[in-house]
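As a plain string of letters, each chain reads:
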Amino acid sequence: MKRYIGMRLVYLLITLFVITTATFFLMKQLPGTPFDEEKLNRLPVEERQLLYASYGLDQPVYVQYVRYLANVVQGDFGTSFTYKNMPVKDIIVNRIGPSALIGLQAVVLGLSIGLILGIIAAYRHNSAWDYFTMFIAVLGVSVPNFVLAALLQYYVGLKWGLLPVAFWDSYENSILPSVALSVGVVAIIARFARNEMLEVLQQDYITTAKAKGLTNMAVVMRHAVRNSLIPVVTILGPIVVNLLTGSLVIENIFGVPGIGSLFVDSIKMNDYSTIMGITIFYSAFYVFIMLIVDMLYSVIDPRIRLASGGE
């Protein structure tokens, strides 16, 4: 297992290097500069050159790239062009809280409801509950979350006055964004859990367990649920990363000051340092979560641990 994890870490570092390199050179192809062009053109040539030099933009691209990699290794992601004299690392730390809160709530809500719906749908296959679950799954996948967000704002926020529709003043402001994000998670988890449960319930060991006198509910909870979690864990990894690192659309609709809205603003302003910092942060978090997912496989199904040569 240790050797397996070590190999995975090497692959993850290579992945991060490739992503960082590709993003850096693609970012340099963006039109314009991080500066206000109108104000920049008013400056004398000498002052303009000093401004570029202060940010290292006067150097060839390959020199900028080598310097950036050297700084990243030391944990320095540079200084933001938009937020004057603020390190990118500090900006990300300040913005990750709101994104993590609404994302975590969406994951917990979506996973809990999705698993319950999927398990009951499989247990009561071809019943009204099964059809209802599949209807919810299709509806949740088909309706974009920004449409659901607008409906929640209108009915729950404006018409009924139960919750605030936007901004970030209190915990209540996080509820509607979390609900809007969780519906898609409920639909995906419910569908995967149901389909896998149906397949597991067809296996020979399930028949053997029933022959030993176990009730249907005991068979489902002791054997079927655990063995049907592998596909759910697989899709849960990317879902967790996407939600915890911020939703570009939902954060802008609800005025959440998170990573998603920061990324959009950075692209609009050509804030090279912030774009790179968020990209590296997102990529590192993604590969870390996928490593956790791989390790969870062996916990859920010991056969995977044995196949990988672990102890």
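One can find the structure itself at the top, above this paragraph.
Notes on the structure in this doc start here. All residue numbers refer to positions counted from 1 along the written sequence of the respective chain. At least 70 in pLDDT is required for a residue's local features to be given in this predicted model, at least 80 for side-chain atom pairs to be given and counted, and no such filter applies to totals for whole chains, interfaces and linings, which use all residues. Water and hydrogen atoms were dropped before computing side-chain values, which therefore reflect all heavy atoms in the structure.

As for the packing of aromatic side chains
- Note on ring pairs: Phe, Tyr and Trp rings are taken, using the six-membered ring of Trp, and paired if centres are within 6.5 Å. Classes follow the plane angle, with under 30 degrees stacked, over 60 edge-to-face and the rest tilted. Inspection of the entire model under this criterion finds nine aromatic pairs.
- Ring centres of Phe-24 and Tyr-65 lie 5.5 Å apart, and the angle between their planes is 55°; on these two criteria the pair is classed as tilted. Linking Phe-24 in helix α1 (residues 2-27) with Tyr-65 in helix α4 (residues 61-73), this pair joins segments that are 41 residues apart in sequence.
- Look at Phe-24 and you get buried, because its relative accessible area is 4%.
- For every residue, the accessible area obtained with a 1.4 Å probe (protein chains only) is divided by the maximum for its type, and the residue is called buried under 20%, exposed over 50%, and partly exposed between those limits. Classification of Tyr-65 by relative accessible area gives buried; the value is 12%.
- For the ring pair Phe-81 and Tyr-272, a centre distance of 6.0 Å and an interplane angle of 75° mean the geometry is edge-to-face. With Phe-81 in the loop between α4 and α5 (88-123) and Tyr-272 in helix α14 (residues 272-300), this pair connects stretches of sequence that are 191 residues apart.
- The class for Phe-81 is buried, based on a relative accessible area of 5%. Each helix corresponds to a stretch of at least 4 residues labelled H or I by DSSP, and each strand to a stretch of at least 2 residues labelled E; elements are numbered beginning at the N terminus.

Focus on the layout of surface pockets
- In the cavity and pocket records, a cavity denotes points on a 1 Å grid over the protein atoms alone where a 1.4 Å probe fits but cannot get out, a pocket denotes an open set with protein on both sides within 12 Å along at least 5 of 7 lines, and lining residues are residues with an atom within 4 Å of a point. Grid points are joined across faces, edges and corners, and a volume is the space filled by probe spheres set on the points. In this structure, the second largest pocket occupies an estimated 380 Å³ of space.
- The wall of the second largest pocket is formed by 19 residues, among which Tyr-55, Gln-64, Tyr-68, Asn-71 and Ser-273 lie closest to the centre.
- Elements represented by at least two residues in the lining of the second largest pocket include exactly α1, α4 and α14.
- In terms of residue count, α4 provides more of the lining of the second largest pocket than any other element does, four residues in total.
- By the convention adopted, Pro, Cys, Tyr, Trp, Phe, Met, Ile, Leu, Val and Ala count as nonpolar, Lys, Arg, Asp and Glu as charged, and the other residues, Gly among them, as polar. Residue classes in the lining of the second largest pocket are distributed as nine nonpolar, seven polar and three charged.

Comments concerning the nonpolar core
- Core analysis: the biggest nonpolar cluster contains 28 residues, and Leu-243 and Phe-254 have the highest contact counts within it.
- For this core, the elements supplying multiple residues, two or more each, are α5, α7 (145-159), α8 (175-200), α11 (229-244), α12 (248-254) and α14.
- In terms of residues, this core owes the most to one element, α11, which gives nine residues. To qualify as a nonpolar core, a set must consist of buried Ala, Val, Leu, Ile, Met, Phe, Trp, Tyr and Cys residues joined through side-chain atoms within 4.5 Å.

A closer look at the packing of α5 against α8
- Viewed as axis vectors pointing N to C, α5 and α8 meet at an angle of 30°, and their least axial separation amounts to 6 Å. Relative to α8, the crossing made by α5 is right-handed.
- When its residues are assigned to classes, the contact of α5 with α8 shows 21 nonpolar, six polar and one charged. Fitting a line to C-alpha atoms yields each axis, with helices limited to the stretch in contact; the angle taken between N-to-C directions then spans 0 to 180 degrees. By the definition used in this description, the sense in which the near helix is turned from the far one sets the handedness, with an anticlockwise turn below a right angle giving left-handed and a clockwise turn giving right-handed.

Interpretation note: all reported values are geometric properties and have no functional meaning in isolation.
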